[in-house]
Amino acid sequence: TTTLEDTSYSTTGGGHSFAQPKKSKGGKIEWPIVILRGDGNVYILCAGIDTDRPKLQGPISILPQVDDNYGLDSCSLVVVPSLPPTIIIAESSGKTHHALLLEEESPAERSLTELDSSLVLYPCEWYLQVLETVELELGLAGVDEAQTYSCPIHLKRDLLNESRYFAYHNAGLHAVTMDFTRQLVQFVENDDDLNEKYPLFNSQSRAEYVVCTKALPNSSTNSVLGFALLSSPPGILLQLASG
């Protein structure tokens, strides 16, 4: 069964994904919809089944601050329902940023008149804390073009493994394993100070090629349009542009 939290949508210019539902101040259940623009700005739209006018919040502060706002060519986003939620943002250059969605202690008002002068933006209740950035090889290592090649990257959660997600693109399919999600669970469930015996976020996430469709620099593009994981027998079903 697919729920709102399992679903993400993306285009070459941005995307959106659903986070875990929360109770509003009025006691109603609302789903935070995390929205990504192509310039890297992130917004949240809280909406429930009977919400008349959802409130748009943002842009969300992304920490630590960097000059390029973690990518000016962002193309997709997905939410992993860890505690706190993990937000993954992909750039067409092959970078994926892993961040935690944390609550602001004192939401600050921001204006973004260049987005739409008639749009009302509310103070944001959250901010993003970036933990790490993973670079995906868009082509096999050693191919010169792989250093400059860029293409839209689409993200998909692994519904059976909270610590893993998939990135598919014109050059193939990657599986990315995030070690810090397991550490987050142990940190939340354990009352002891884990920093000494189990330092938090002390290991890097791992990206592995599952299928590469661009092995040679001059080879034609054979994009991965979608895929499905098979459970019995274990396997993977790919839909390629070549048919």
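Please refer to the structure placed before this passage.
Residues numbered from 1 in each chain as written. Predicted model: local features only at pLDDT ≥ 70, side-chain atom pairs only at ≥ 80, totals over all residues. Heavy atoms only, no water.

**Remarks on the sheet that holds strand 14 (residues 164-169)**
Note on sheets: strands pair through backbone hydrogen bonds, and any given pair is parallel or antiparallel.
1) Next: The four strands lie next to each other as 13-14-15-16, forming an open sheet whose pairing is antiparallel. The open sheet has two edge strands with one neighbour each: strand 13 (154-157) and strand 16 (206-212). Going across the sheet, the axis of each strand differs from the next one's by a mean of 25°, ignoring polarity. (Pairing = 2+ DSSP bridges. Helix = DSSP H or I, 4+ residues; strand = E, 2+ residues; numbered from the N terminus. Axes fitted to C-alpha atoms, helices over the stretch in contact; angles between N-to-C directions.)

**Re the packing of aromatic side chains**
One pair of aromatic rings is described through two measures. These are the centre distance and the angle between the planes.
1) Next: On inspection of all chains with the given rule, the structure shows two aromatic pairs.
2) Next: On the basis of an interplanar angle of 65° and a centroid distance of 5.1 Å, the ring pair of F166 and F227 is categorised as edge-to-face. Residue F166 is found in strand 14, and its partner F227 is found in strand 17 (residues 224-231); the two are separated by 61 residues along the sequence. Each of the two residues, F166 as well as F227, counts as buried. (Phe/Tyr/Trp six-rings, centres within 6.5 Å; stacked < 30°, edge-to-face > 60°. Buried < 20%, exposed > 50% of the residue type's maximum accessible area, 1.4 Å probe, protein only.)

**Some points on the environment of H98**
1) Next: Topologically, H98 is positioned in strand 10 (residues 95-103).
2) Next: On the basis of relative accessibility, which here comes to 0%, the residue H98 falls in the buried class.
3) Next: In this structure the C-alpha to C-alpha distance between H98 and I88, which are ten residues apart in sequence, comes to 4.9 Å.
4) Next: Beyond its immediate sequence surroundings of up to four residues, H98 is in contact with I87, I88, Q129, V130, L131, E132, V134, Y165, V176, M178, F180 and S205. (Contact = heavy atoms within 4.5 Å.)

**Considerations on the pattern of salt bridges**
Between side chains of opposite charge, a pair can form when the charged atoms approach closely.
1) Next: One pass over the structure, following the stated rule, counts two salt bridges.
2) Next: Residues R164 and D158 are paired through a salt bridge, measuring 2.5 Å at the closest nitrogen-oxygen approach.
3) Next: Taking relative accessible area as the criterion, D158 reaches 2% and is therefore assigned buried.
4) Next: Its salt-bridge partner being R206, residue D179 comes within 3.0 Å of it at the nearest N-O pair. Placement of D179 in the loop between strand 15 (172-177) and helix 1 (180-189) and of R206 in strand 16 is noted, with a sequence separation of 27 residues between them.
5) Next: Classification of D179 by relative accessible area gives buried; the value is 12%.
6) Next: Overall, the relative accessible area of 42% leaves R206 in the partly exposed class. (Salt bridge = Lys/Arg side-chain N within 4 Å of Asp/Glu carboxyl O.)

**Topic: the nonpolar core**
1) Next: Judged by nonpolar contacts, the single largest core of 20 residues is most densely connected at I88, L136, L138, I153, L155, Y165 and M178.
2) Next: Going through the elements one at a time, strand 8 (74-80), strand 9 (86-91), strand 14 and helix 1 are the ones with two or more residues in this core.
3) Next: In terms of residues, this core owes the most to one element, strand 8, which gives three residues.
4) Next: Each residue touching Y165, except ones within four places of it in the same chain, is listed here: I88, T96, H98, L155, K156, R157, D158, H174, A175, V176 and M178.
5) Next: In terms of nonpolar packing, the next biggest core, distinct from the first, is built from 19 residues, V34, I44, L77 and A99 among them. (Core = buried A, V, L, I, M, F, W, Y, C linked by side-chain atoms within 4.5 Å.)

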